[in-house]
Amino acid sequence: MKVRAFEHGLLLALAVVLLAMAGVASADDKAGWKSGTSLAATQEQSCVRDAAFMRRNHMEVIKHARIDTVRKGVRGVDGSLSECIACHVNKDDKGAPIPVNQEGQFCAGCHQQVGVALDCYQCHATVPTH
Amino acid sequence: MKNTQDTNQKRRQFLQKGAAVTAIAVAPGVMLHTAAKAKPVGEAVTDAVRWGMLVDAAKCADGCDACVQACNEENGLNLLQKPHDAEDEMWDQQIPKWIRNVKVKDNLTGHVTSLPMMCQHCEHPPCVDVCPTTASFRRADGIVMVDRHLCIGCRYCMMACPYKARSFVHEVVEHKLTRTPRGKGCVESCNFCVHRLDNGQTTTACQDACAKDGHNAITFGDLNNPDSEVSKALKEQSSTQIRADLKLNTGVRYRGV
Ligand code: SF4
Ligand code: SF4
């Protein structure tokens with residue numbers, strides 16, 4: 001019984017957090033804040049999964065791919081970070097790629113908004129290179 | 001009571017979905033195009049192959065550093081900028097080196113041998129034994145490398161390696177290549193150009209550079225395949241493991257030392 005009460009408490013806490021996040025998002029929207037986007041995302045090109053799934057679970061997809069690639073040598077995996085970058089990188093007026101972790105860009109936009117550190121790019125290239 | 005049952009039901013459905021996703025993620029890779037001789041790009045490496053190298057020090061030209069330069073370019077090591085406040089000597093000691101040019105002098109005869117020294121891809125790697133996080137690991141195909149996702153930068157492996165093969169990245173890496181992710185706070189070392197091998201190529205950058213300059217001191221290939229160039233060369237003439245007394249069964253062998 002105690003366990004159930006604890007679970008209810010957890011659900012309640014989760015609901016509060018979600019409501020708070022929604023509040024933050026709308027406040028930011030009012031302030032003219034735009035979340036990061038990319039040509040690929042706006043044109044709804046086919047991602048490796050559908051957009052709603054990716055918004056919540058992209059980290060799991062990437063993590064699965066990274067283990068297969070680094071530890072088992074599987075390349076061309078479904079969900080490789082370099083493919084994410086190749087698709088979602090934006091170009092400036094001169095056609096030069098803008099790093100995906102730059103303010104307001106595809107990766108940084110959302111991560112800034114929700115206050116989640118974006119550690120991938122301490123090691124990974126932020127624009128497509130060889 | 002009902003609520004709890006609902007929650008459990010939902011959890012079960014969620015877990016099932018999660019499992020389905022995992023299966024999908026594995027399957028498409030398996031069907032990707034295959035390269036001629038090397039392993040199919042979308043498949044895991046196996047111990048059917050053991051990558052290895054023979055370095056002929058007699059052919060290694062004094063003063064040449066073609067292999068080192070090629071390695072630096074291949075893996076983006078040359079993109080690391082010296083910090084403004086770093087002293088030259090300190091920087092020279094700290095800048096990551098995957099291959100080092102080593103000179104060995106016989107004090108009795110005065111004969112000097114130069115050779116490239118890199119990770120020896122030991123079958124029994126001390127760097128893997130000491131790693132507290134399993135970041136330092138040996139792949140099924142014999143390549144010893146660091147999984148930077150797990151490396152905490154403790155540098156135990158640097159101390160354990162008898163060949164001084166590993167480097168620690170001391171500075172923020174602003175510019176990196178897609179094929180070689182690398183960053184501050186992790187240890188790194190030669191990985192036999194793993195991105196090339198995984199994508200179906202069969203040579204390393206150092207080997208290509210040495211051959212291009214006409215020295216041909218480096219032979220690389222599959223030690224498990226008796227018909228590979230490296231296996232044939234090893235069978236033909238004698239070679240040695242550096243510090244063979246440690247019984248690490250190195251994947252890199254030397255001749256003329
Ligand atoms: S040479 Fe050093 S880094 Fe390479 S496998 Fe052996 S112990 Fe590890
Ligand atoms: S520095 Fe990294 S790879 Fe080396 S022993 Fe420590 S955690 Fe392992």
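Not measured: the values here are computed from a predicted model. (Residues numbered from 1 in each chain as written. Chains lettered and ligands numbered in written order. Predicted model: local features only at pLDDT ≥ 70, side-chain atom pairs only at ≥ 80, totals over all residues. Heavy atoms only, no water.)

### Some details on the site of ligand 2
Okay, step 1: By nearness alone, 14 residues border ligand 2, and B:Cys131, B:Cys151, B:Cys154, B:Arg155 and B:Cys157 come closest of all.
Okay, step 2: Across the shell around ligand 2, the residue classes break down as 10 nonpolar, three polar and one charged. (Near = heavy atom within 4 Å. Nonpolar A, V, L, I, M, F, W, Y, C, P; charged D, E, K, R; others polar.)

### Points about helix H2 (residues 66-74) of chain B
All names here are of chain B.
Okay, step 1: The element H2 is largely enclosed, with a buried count of seven among its nine residues.
Okay, step 2: If you check which residues of H2 are buried, you get Ala66, Cys67, Val68, Ala70, Cys71, Asn72 and Glu74.
Okay, step 3: Tucked into the core, H2 has its buried residues touching strand E2 (100-105), strand E3 (112-117), helix H6 (194-198), helix H7 (205-212) and strand E8 (218-222).
Okay, step 4: Phi for Gly76, located one or two positions after H2, is positive at around 70 degrees. (Buried < 20%, exposed > 50% of the residue type's maximum accessible area, 1.4 Å probe, protein only. Helix = DSSP H or I, 4+ residues; strand = E, 2+ residues; numbered from the N terminus. Contact = heavy atoms within 4.5 Å.)

### Regarding the site of ligand 1
Okay, step 1: Around ligand 1 lies a shell formed by B:Cys119, B:Gln120, B:His121, B:Cys122, B:Pro125, B:Pro126, B:Cys127, B:Val144, B:Cys161, B:Pro162, B:Tyr163 and B:Arg166.
Okay, step 2: Looking at the shell around ligand 1 residue by residue, the classes come out as nine nonpolar, two polar and one charged.

### Focus: the confidence of the model for chain A
Residue and element names in this part refer to chain A.
Okay, step 1: Mean pLDDT over chain A stands at 79; residues scoring 70 or higher make up 72%.
Okay, step 2: Model confidence for chain A, summarised as mean pLDDT per element, is weakest for helix H1 (residues 2-30) at 48 and strongest for strand E2 (residues 97-98) at 95.
Okay, step 3: Low confidence marks residues 16-33, where pLDDT is under 50. Its contacts with residues over four positions away, or in another chain, come to eight contacts. (pLDDT = per-residue confidence, 0-100.)

### Description of the side chain of B:Arg253
Residues and elements named next belong to chain B.
Okay, step 1: For Arg253, the position within the fold is in strand E9 (residues 252-255).
Okay, step 2: One buried charged side chain, Arg253, makes no salt bridge at all; its nearest oppositely charged neighbour is Glu123, positioned 7.2 Å away.
Okay, step 3: Here Thr250 takes part through its backbone oxygen, which lies 2.9 Å from a polar atom of the side chain of Arg253.
Okay, step 4: For Arg253, the residues in contact, after removing those within four places along its chain, are Met53, Leu54, Val55, Leu234, Ser239, Thr240 and Gln241. (Lys, Arg positive; Asp, Glu negative; His and termini not counted. Salt bridge = Lys/Arg side-chain N within 4 Å of Asp/Glu carboxyl O. Polar contact = N/O pair within 3.5 Å; in protein donor to acceptor, adjacent residues only side chain to side chain.)

### Focus on the packing of aromatic side chains
All names here are of chain B.
Okay, step 1: Summed over all chains, the structure comprises two aromatic pairs over all chains.
Okay, step 2: Taken together, a centroid distance of 5.3 Å and an interplanar angle of 5 degrees make the contact between Trp51 and Phe220 stacked. Of the two residues, Trp51 is situated in strand E1 (residues 51-56) and Phe220 in strand E8; the sequence distance between them amounts to 169 residues. As far as burial versus exposure is concerned, Trp51 and Phe220 are alike and both buried.
Okay, step 3: Ring geometry for Phe192 versus Phe220: centroids 5.0 Å apart, planes at 70 degrees, classification edge-to-face. With Phe192 in the loop between strand E7 (187-188) and H6 and Phe220 in strand E8, this residue pair connects regions lying 28 residues apart in the sequence. (Phe/Tyr/Trp six-rings, centres within 6.5 Å; stacked < 30°, edge-to-face > 60°.)

### Side note on the packing of H2(B) against H7(B)
When two helices pack together, their arrangement is captured by the angle between the axes and the distance separating the axes.
Residues and elements named next belong to chain B.
Okay, step 1: At their nearest, the axes of H2 and H7 sit 8 Å apart, and the two run at 135 degrees to each other. It follows from the interaxial angle that H2 and H7 lie oblique. Once H2 is placed against H7, the crossing between them reads as right-handed. For the pair formed by H2 and H7, the contact residues are Ala66, Cys67, Ala70 and Glu74 on the first element and Ala205, Cys206 and Ala209 on the second.
Okay, step 2: When the residues that make up the contact of H2 with H7 are grouped by side-chain class, the tally is six nonpolar, no polar and one charged. (Axes fitted to C-alpha atoms, helices over the stretch in contact; angles between N-to-C directions. Parallel < 35°, antiparallel > 145°, perpendicular 65-115°, else oblique. Left-handed = near helix turned anticlockwise from the far one by under 90°.)

### Considering the nonpolar core
Okay, step 1: Counting residues in hydrophobic clusters, the biggest one holds 45 residues, and the most contacted among them are B:Met53 and B:Phe192.
Okay, step 2: Listed by contribution, the elements that provide at least two residues to this core are E1, H2, E3, strand E5 (144-146), H6, H7, E8 and E9 of chain B.
Okay, step 3: In this structure B:Phe192 touches B:Trp51, B:Gly52, B:Met53, B:His121, B:Ile143, B:Leu197, B:Thr204, B:Phe220 and B:Val252, once residues within four positions along its chain are discounted.
Okay, step 4: Membership of the second largest hydrophobic core comes to eight residues, among which are A:Ile62, A:Leu81, A:Cys107 and A:Val127. (Core = buried A, V, L, I, M, F, W, Y, C linked by side-chain atoms within 4.5 Å.)

### Quick notes on the confidence of the model for chain B
Residues and elements named next belong to chain B.
Okay, step 1: Looking at chain B as a whole, its pLDDT mean stands at 88, while 85% of the residues score no less than 70.
Okay, step 2: Low confidence marks residues 1-36, where pLDDT is under 50. Its contacts with residues over four positions away, or in another chain, come to 24 contacts.
Okay, step 3: Both scores are given for the predicted complex: the pTM is 0.80, the ipTM 0.80.

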